There are 2 protein chains.
Amino acid sequence: MKLITRDTDYAIRTLCYIAKQKQKRFSVTELVKVLKIPRPFLRKIFQRLHKEGILEACKGKNGGFSLSLPAEKIFILDLMKIFQGEFFLNECLLKKKTCPNIYTCTLKKKISDIEKYLVAQLKPISIASLQIGR
Amino acid sequence: MKLITRDTDYAIRTLCYIAKQKQKRFSVTELVKVLKIPRPFLRKIFQRLHKEGILEACKGKNGGFSLSLPAEKIFILDLMKIFQGEFFLNECLLKKKTCPNIYTCTLKKKISDIEKYLVAQLKPISIASLQIGR
DNA sequence: GACAAATGATACTATTATGGTATCCTTTTC
DNA sequence: GAAAAGGATACCATAATAGTATCATTTGTC
């Protein structure tokens, strides 16, 4: 089971890289060389991050992307939300109104608790916080 | 993200049901009627549970399945292992020896910790423990 | 012994999510 | 006006998930 999918992972890595540099604006072409990510895929990811207000975009020659927010305010939970949807471990109640799963509702409760813990753990992690220790 | 897939879920539900009854042996046909699970799918699931030593099987007329173990000793983590493989949240190190993901190793560490917590939480949950409170 | 009702083995199929590619258009700078 | 950027959008490949289908074998009952 993957907690973090490839697109989220690429996003995190790339944003971390940008945050670390002095240079502000980067073209996808530049980033792809350094980070070994398939170019069309990173383009797609960046277009999404732009739409979601995480990145600022400049079109035209010498254009590129820069962070819209300080690295302290970009949280990986937000990135996960963007690429993976709202985070939850439990699918039970979303599908049917009456859960046929009486026997395992104890379990569902447990899973909810785990989910809350997990979100609480992930919540404070920002792009900036991942820089520490390098 | 699903912590528990459909087959694991069906297995849990069915084993809980069996554990609750006085009757010991159940045919798939019987169970399917009560639990509204697609018959061929439950058959597949039960064949697997038999192979894995969770269920005892009797062929022939009036045959069926019964628990090989007391409900206290059937743990959902084992069922998850059977249908979903070994539990982990992190895929990083499994693929390549040198992780290109220097920036996010802090994150990988966090995820490992979460994984440990999660396993610790799930570990004590048995089929018997899910009966409580009914 | 024949038949029915059960599991055993195994192969196939459908749907969805993931991880990408490809193409054409528009904008900007030189 | 050409080159180099992003914008929009549609397409494709693979794998996982969720099931179906079929034939063979076993066993109890008449």
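None of these values were measured; they are calculated from a predicted model.

> Account for the overall build of chain A, with residues named and values stated.
Per the secondary structure count, chain A includes six helices and two strands. Listed N to C, the secondary structure of chain A is α-α-α-β-β-α-α-α in terms of helices and strands. Counting only residues that meet the buried cut, chain A has 25% of its 134 residues in that class. Relative to all contacts within chain A whose residues are 6 or more apart in sequence, the contacts with residues 24 or more apart total 59%.

> If you had to explain the protein's contact with DNA strand C to someone new, which residues and values would you point to?
Taken together, 25 residues are adjacent to DNA strand C, and Thr5, Pro38 and Gly60 of chain A together with Ser27 and Ala57 of chain B come closest. Of all the secondary-structure elements, those providing two or more residues to the surface near DNA strand C are helix H1 (6-20) and helix H3 (39-51) of chain A together with helix H2 (28-35), helix H3 (39-51) and strand E2 (64-67) of chain B. For the surface near DNA strand C, the class distribution of residues is six nonpolar, 11 polar and eight charged.

> An account of the packing of helix H6 (residues 105-122) of chain A against helix H6 (residues 105-122) of chain B is needed here, citing residue identities and associated values.
Packing of H6 of chain A against H6 of chain B brings their axes to within 11 Å, and their N-to-C directions diverge by 160°. Judged by the angle between their axes, H6 of chain A and H6 of chain B are roughly antiparallel. Along this stretch, H6 of chain A crosses H6 of chain B, giving a crossing that reads as right-handed. Here Lys110, Ile114, Tyr117, Leu118 and Gln121 of chain A of H6 of chain A come into contact with H6 of chain B, specifically with Lys110, Ile114, Tyr117, Leu118 and Gln121 of chain B. Considering only residue class, the contact of H6 of chain A with H6 of chain B consists of six nonpolar, two polar and two charged.

> An account of the protein's contact with DNA strand D is requested, with residue identities and associated values reported.
In the region of DNA strand D, 25 residues are neighbours, and Ser27 of chain A together with Thr5, Arg6, Pro38 and Gly60 of chain B sit closest. Mapped onto the surface near DNA strand D, the elements with two or more residues apiece are helix H2 (28-35), H3 and strand E2 (64-67) of chain A together with helix H1 (6-20) and H3 of chain B.

> Tell me about H1 of chain B, residues and numbers included.
Relative to the 21 Å expected for 15 residues at 1.5 Å per residue, H1 of chain B spans 21 Å between its end C-alpha atoms, a close match to the ideal helical length. Taken residue by residue, H1 of chain B has Asp9, Tyr10, Ala11, Ile12, Arg13, Thr14, Leu15, Cys16 and Ile18 of chain B as its buried positions. On its buried face, H1 of chain B sits against H6 of chain A together with H2, H3, E2 and helix H4 (76-84) of chain B.

> Talk me through H3 of chain B; I want residue IDs and the actual numbers.
Residues and elements named next belong to chain B. For H3, spanning 13 residues, the distance from its first C-alpha to its last is 18 Å, which sits close to the expected 18 Å at 1.5 Å a residue. Residues of H3 that are buried: Leu42, Ile45, Phe46 and Leu49. Projected onto a plane normal to the axis of H3, the buried residues spread over an arc of 100° and lie on a single side. For H3, the exposed residues lying more than 90 degrees away from the buried face are Pro40 and Lys51. Looking at the buried residues of H3, the elements they touch are H1, H2, strand E1 (55-58) and E2.

> Could you give an account of the nonpolar core, with specific residues and numbers?
Within the largest apolar cluster, 27 residues are counted, with the highest numbers of intra-cluster contacts made by Ala11, Ile12, Leu15, Leu42, Ile45, Phe46 and Leu49 of chain B. Looking at this core, the elements with two or more residues in it are H6 of chain A together with H1, H2, H3 and H4 of chain B. In terms of residues, this core owes the most to one element, H1 of chain B, which gives six residues. Counting 26 residues, the second largest nonpolar core, distinct from the first, contains Cys16, Ile37, Phe65 and Met80 of chain A.

> For the packing of H2 of chain B against H3 of chain B, give the residues involved together with the corresponding values.
All names here are of chain B. As a packed pair, H2 and H3 sit with axes 10 Å apart at the nearest point and diverge in direction by 125°. Regarding the angle of H2 to H3, the classification is oblique. Here H2 and H3 pass one another in a crossing that is right-handed. Contacts from Val28, Leu31 and Val32 in H2 reach Arg39, Leu42, Arg43 and Phe46 in H3. Along the lines of polarity and charge, the residues of the contact of H2 with H3 split into five nonpolar, no polar and two charged.

> Residues and numbers for the environment of Lys2 of chain B, please.
Along the chain, Lys2 of chain B falls in the segment before H1. Sequence-wise, Lys2 of chain B and Ser66 of chain B are 64 residues apart; in three dimensions their C-alpha atoms are separated by 28 Å.

> Quick one: what's the story with unusual backbone geometry, residue by residue and with numbers?
The residue Asn62 of chain A is not glycine, and still its phi comes out positive at about 65°. Its location among the elements puts Asn62 of chain A in the loop between strand E1 (55-58) and E2.

> Just give me the short version of the environment of Leu130 of chain B, but keep the residues and values in it.
Secondary-structure assignment places Leu130 of chain B in the segment after H6. In this structure the C-alpha to C-alpha distance between Leu130 of chain B and Ile12 of chain B, which are 118 residues apart in sequence, comes to 9.3 Å.

Rules used in this analysis
- Residues numbered from 1 in each chain as written.
- Chains lettered and ligands numbered in written order.
- Predicted model: local features only at pLDDT ≥ 70, side-chain atom pairs only at ≥ 80, totals over all residues.
- Helix = DSSP H or I, 4+ residues; strand = E, 2+ residues; numbered from the N terminus.
- Buried ≥ 20, exposed ≤ 12 C-beta atoms within 10 Å, placed from the backbone.
- Contact = placed C-beta atoms within 7 Å.
- Near = placed C-beta within 6 Å.
- Nonpolar A, V, L, I, M, F, W, Y, C, P; charged D, E, K, R; others polar.
- Axes fitted to C-alpha atoms, helices over the stretch in contact; angles between N-to-C directions.
- Parallel < 35°, antiparallel > 145°, perpendicular 65-115°, else oblique.
- Left-handed = near helix turned anticlockwise from the far one by under 90°.
- Expected span 1.5 Å × (residues − 1).
- Arc of directions from axis to C-beta.
- Core = buried A, V, L, I, M, F, W, Y, C linked by C-beta atoms within 7 Å.

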